[in-house]
Amino acid sequence: MAYLTQLDYVKYVCSCGQLKPITNLYFCRHCLKIRCGFCICHEVDSHYCANCLENMPSSEARLKKNRCSSCFDCPSCFHTLSTRATFAQPRQDPAAGDAKVENKQAKKMYYLSCFNCRWTSRDVGIPDQPVASGGWPERTNPYTARINQLLDYYKAIAQQEKQEKLDRERKKFAIRGKYITLTDKTGLTGAMARNIAGLPSSESSSSAIANFVPSVASAEVEELPEDYHLREVNLKQVSTMAQRLAAPEWQPGDVARLQPVARPLSVKRSQRCRDCDHNLTKPEYNPGSIKFKIELLAFYHVPEVKIISHESVKAGQVADLLLKVTNPTAHEMTLRILRPADSAEEVPAPPEDQEPRSIEKSLEKSLNLEKDTSWSKVIERKPEMPTVSQICVPEVTLTLAQRDDAAEYDDDPQHETSDIILWRKSNKLALRLKVTTDPTAEVGKPAQVAFRLQYSYRNTVPPSAQSVQHRDHTLNTTVILDLGSVCE
Ligand SMILES: [Zn+2]
Ligand SMILES: [Zn+2]
Ligand SMILES: [Zn+2]
Ligand SMILES: [Zn+2]
């Protein structure tokens, strides 16, 4: 009976129905619900280079094509390249006298080198640079003009479609006779609104569509060289698929044409609850910091369940199950273990915010810009509860002390003689539970058991003017344990 890797064996049911280990879950203190990466909204906070830790606003990152201008990755093994310096001997000028040459200092020159695979920028004939950072020759994409043409064309089409949709809606409302146009309300003209939104004017977009030349497929293909199938292949000179795709514009087939790859930027992202729009995580802006300004992880709010050990699950028999439950909060908690099918007490929905939307927001909405809200509806599903094995729910309410960091140093847990509680140690509790398995359970089938954890939760969010929040809540979470497979 080994201590199990808990992530794979203890899964919590998220509010959206996904099964996730507690370390992958968030807890919204405003909706009082567990959230997972699937049912929250991810936002990019800042762009930064993970190598030199330079950060930049998103407009600059877009301009630099989301790549750092001073850091490079090895085109051969993708390890970060390092800058190395050498002393270049001053070139002997035959016209000048000997004395003049001796006065010249050896000049420091820099090249890029990979400490992992020993690739250097000299291998592919990139000249050494006189400065340590930057100044590396930039290659221009041979298809820049065409790509820009395509981008302009698609932007114009998107713009046209938005305009058509807006016109259609305007007509629809005009028929009903209730519609006051946004321009009446705010005194903005359509052109001004477009200007605010940073969209091209309708004239320029229609000209972009009119002037666009579509690509035409051609039946004529360049012939392969005569000796193409006869030439001997030297695999050391052929680049791999990954190496080629690291530079999608050039896709060099020959290793001699590999070039340093500008390092892609990383992002810091913040995460929001999709229901109430509150932040669940928000990192510190400084890219060197790994701290968070807001960090609402389920791990800090929801009792953690771990399997200490269990007997093997057999058809028609009762197996012992030892669980450890931890209270991560700074408040005492009462706990009950219930059947998953028991009707969960509904958490009261947070009051709808009746705040009138600002003009910018309604403008943004009516122009139907970037903010598309269709994604905000999360498809919730009900996971299938295991029914073959069941936990015998104890008819007791347990209390769990608050987290006490000093208690970590205590040696001995307090052993209890209770039927259910095996030991207590500060905010931790070991429970002895029984699992009954159906006599018809098939051998080799997964043995899973589900239960509902009902726990008291004290909300520490300071009550705001609009919402009167209760401090104490009774919350429910369903946990599914994996107890291996049904044994003979
Ligand atoms: Zn929320
Ligand atoms: Zn979820
Ligand atoms: Zn960098
Ligand atoms: Zn390398």
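Residues numbered from 1 in each chain as written. Chains lettered and ligands numbered in written order. Predicted model: local features only at pLDDT ≥ 70, side-chain atom pairs only at ≥ 80, totals over all residues. Heavy atoms only, no water.

1. A short note on the overall build of the protein
Link 1 in the chain: A tally of regular secondary structure across the protein gives 9 helices and 23 strands.
Link 2 in the chain: Sequence-distant contacts in the protein: of pairs separated by 6 or more residues, those separated by 24 or more amount to 67%.
Link 3 in the chain: Carbon and sulfur atoms form 51% of the exposed surface of the protein, whose accessible area is close to 31,700 Å². (Helix = DSSP H or I, 4+ residues; strand = E, 2+ residues; numbered from the N terminus. Contact = heavy atoms within 4.5 Å. Areas by Shrake-Rupley, 256 points an atom, 1.4 Å probe, with all protein chains shown as cover.)

2. Some points on the confidence of the model for the protein
Link 1 in the chain: Per-residue confidence for the protein averages 82 on the pLDDT scale, and 79% of its residues sit at or above 70.
Link 2 in the chain: Counting interchain partners and residues more than four positions distant, the pLDDT-below-50 stretch residues 343-371 has 28 contacts. (pLDDT = per-residue confidence, 0-100.)

3. Here we look at the sheet that holds strand E2 (residues 19-20)
Link 1 in the chain: Reading across from one edge, E2-E1-E23-E22-E16-E18 is the order of the 6 strands in this open sheet, with antiparallel pairing throughout. Looking along the sheet, the strands with just one partner apiece sit at the ends: E2 and strand E18 (398-400).
Link 2 in the chain: Two elements, strand E1 (residues 10-13) and strand E23 (residues 472-485), share 3 bridges in a ladder whose sense is antiparallel. By the bridge assignment for E23, lysine 11 is matched with isoleucine 480. (Pairing = 2+ DSSP bridges.)

4. Remarks on the coordination of the zinc ion (ligand 2)
Link 1 in the chain: Here the zinc ion (ligand 2) is held by the protein donor atoms Cys14 (SG), Cys16 (SG), Cys36 (SG) and Cys39 (SG), which lie 2.2 to 2.3 Å from it.
Link 2 in the chain: Metal-centred angles of 103 to 115 degrees between the 4 donor atoms at the zinc ion (ligand 2) mark the site as tetrahedral.
Link 3 in the chain: Considered as a linear motif, the donors of the zinc ion (ligand 2) on their single chain read C-x1-C-x19-C-x2-C. Placement of the pair is cysteine 16 in the loop between E1 and E2 and cysteine 39 in the loop between strand E4 (33-36) and strand E5 (40-48), with a sequence separation of 23 residues.
Link 4 in the chain: For cysteine 16, a relative accessible area of 1% corresponds to the buried category.
Link 5 in the chain: Judged by relative accessible area, cysteine 39 falls into the buried class, the value being 1%. (Donors = N, O, S within 2.8 Å, 3.2 Å for Na, K, Ca; no water. Tetrahedral: all angles 85-135°; square planar, octahedral: opposite > 155°, others 65-115°. Buried < 20%, exposed > 50% of the residue type's maximum accessible area, 1.4 Å probe, protein only.)

5. Focus: the coordination of the zinc ion (ligand 3)
Link 1 in the chain: Coordination of the zinc ion (ligand 3) by the protein involves Cys49 (SG), Cys52 (SG), Cys68 (SG) and Cys71 (SG), with metal-donor separations of 2.2 to 2.3 Å.
Link 2 in the chain: Of note is the zinc ion (ligand 3), whose 4 donor atoms meet at the metal with angles of 107 to 112 degrees in an arrangement that counts as tetrahedral.
Link 3 in the chain: Sequence positions of the donors to the zinc ion (ligand 3) reduce to the motif C-x2-C-x15-C-x2-C.

6. Concerning the packing of aromatic side chains
Link 1 in the chain: The tally for this structure, following the rule as stated, stands at 4 aromatic pairs.
Link 2 in the chain: The structure contains a cluster of three or more aromatic residues connected by ring pairs, namely Tyr153, Tyr154 and Phe212.
Link 3 in the chain: Positioned above the aromatic ring of tyrosine 111 is the side chain of arginine 122, whose terminal nitrogen or guanidinium carbon lies 4.1 Å from the ring centre.
Link 4 in the chain: A cation sits over an aromatic face here: arginine 139 above tryptophan 250, 3.9 Å from the ring centre. (Phe/Tyr/Trp six-rings, centres within 6.5 Å; stacked < 30°, edge-to-face > 60°. Lys NZ or Arg CZ within 6 Å of the ring centre and 35° of its normal.)

7. Some points on the sheet that holds strand E13 (residues 292-295)
Link 1 in the chain: Pairing is antiparallel in the open sheet, where 5 strands are placed in the order E6-E5-E11-E12-E13. Strands with a single pairing partner mark the edges of an open sheet, and in this sheet they are strand E6 (55-56) and E13.
Link 2 in the chain: Two elements, strand E11 (residues 266-273) and strand E12 (residues 279-283), share 2 bridges in a ladder whose sense is antiparallel. Looking at the pairing, arginine 272 lines up with asparagine 279 of E12.

8. Comments concerning the environment of histidine 415
Link 1 in the chain: Assignment of secondary structure puts histidine 415 in strand E19 (residues 414-415).
Link 2 in the chain: With a relative accessible area of 62%, histidine 415 lands in the exposed category.
Link 3 in the chain: A sequence separation of 15 residues divides histidine 415 from alanine 430, and the C-alpha atoms of the two residues are 9.6 Å apart.

9. Quick notes on the nonpolar core
Link 1 in the chain: With 43 residues, the main nonpolar core has Phe27, Val305, Leu321, Leu431, Phe451, Leu481 and Leu483 as its most contacted residues.
Link 2 in the chain: Sorting elements by how many residues they give to this core places strand E22 (residues 446-458) first, with 6 residues.
Link 3 in the chain: Within the second largest apolar cluster, 9 residues are counted, among which are Leu81, Leu112, Val124 and Trp136. (Core = buried A, V, L, I, M, F, W, Y, C linked by side-chain atoms within 4.5 Å.)

10. Digging into unusual backbone geometry
Link 1 in the chain: A positive phi angle is found at leucine 32, which is not glycine, with a value near 55 degrees.
Link 2 in the chain: Mapped onto the secondary structure, leucine 32 falls in the loop between strand E3 (25-28) and E4.
Link 3 in the chain: Notably, leucine 53 is not glycine yet its phi reads approximately 60 degrees, a positive angle.
Link 4 in the chain: Mapped onto the elements of the fold, leucine 53 is located in the loop between E5 and E6.

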